[in-house]
Amino acid sequence: QMLYDKASSHTAEADNNAPKLAVVFPGIGYGPDKPLLYYAARLARNQGYQILNVSYGSLPENVKGDRAKMEQAFELALKHTEQFLQNVDWHSYGSILFISKSLGTIISSAYASRHDLTVKSILFTPLADTFSFSLAGSIAFHGTADPWAETEIIHKKSRFSRHRAAPKKVFFLP
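Small disclaimer: the values here were computed from a predicted structure and weren't measured. (Residues numbered from 1 in each chain as written. Predicted model: local features only at pLDDT ≥ 70, side-chain atom pairs only at ≥ 80, totals over all residues. Heavy atoms only, no water.)

(A) Summary view of the overall build of the protein chain. Scanning the protein chain for helices and strands turns up five helices and six strands. Scored against the burial criterion, the 174 residues of the protein chain give a buried share of 47%. For the protein chain, the exposed area adds up to about 9,500 Å²; of that, 49% sits on carbon and sulfur atoms. (Helix = DSSP H or I, 4+ residues; strand = E, 2+ residues; numbered from the N terminus. Buried < 20%, exposed > 50% of the residue type's maximum accessible area, 1.4 Å probe, protein only. Areas by Shrake-Rupley, 256 points an atom, 1.4 Å probe, with all protein chains shown as cover.)

See the structure below:
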């Protein structure tokens, strides 16, 4: 409950009576039915959030370690996300929470930036490119054993984000 409270407290300008929306951005091979996303969404639902699970459609295979395929996966996932969320009236919500994992952390951050959205975010195992976006109002959890993200790079980028708002807190967990 304390984690949820930190990540989802209303902003000062939010309408506390307006509906709340949580959007789940999966990772590659890590969908909304997997434990981190499932239980985070369940907590959000218990706190009155409507839940939307983004689907990216088909993405390239064997992406890990291949920068070109990773960029292709990002572009495709962002395109599908744009289509999936195109009819959401963001201004009708008093609180918006993005819950994301791995590739989803880049997609959610890029989407929020592209649409100038004020959101709170829970970032599970963010990838290095996630830190190129403003992450104000976010909390991140990085697993040091995660083969998709290099801990040293994540640590540096999370601490030395000169031009972007960094997450409120980044937790490094074994």
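Now that the structure has been shown, the text picks up again.
(B) Main features of helix H4 (residues 103–114). For H4, which comprises 12 residues, the first-to-last C-alpha distance of 17 Å matches the rise-based estimate of 16 Å (1.5 Å per residue) to within 8%. Among the residues making up H4, those that are buried are Leu103, Gly104, Thr105, Ile106, Ile107, Ser108, Ser109, Ala110, Tyr111 and Ala112. Directly beyond the C-terminal end of H4, a positive phi value near 50 degrees is found at Asp116. (Expected span 1.5 Å × (residues − 1).)

(C) Molecular detail of the packing of aromatic side chains. Scanning the entire structure with this criterion turns up five aromatic pairs. Arranged with centres 4.8 Å apart and planes meeting at 85 degrees, the rings of Tyr38 and Tyr39 form a pair that is edge-to-face. Overall, Tyr38 belongs to the partly exposed group, its relative accessible area being 38%. Through a chain of ring-to-ring contacts, three or more aromatic side chains come together here, namely Phe25, Trp90, Phe98 and Tyr111. Between Lys101 and the ring centre of Tyr30, over which it is positioned, the NZ or CZ distance is 4.8 Å. (Phe/Tyr/Trp six-rings, centres within 6.5 Å; stacked < 30°, edge-to-face > 60°. Lys NZ or Arg CZ within 6 Å of the ring centre and 35° of its normal.)

Everything listed is a geometric property; what it means functionally is a separate question.
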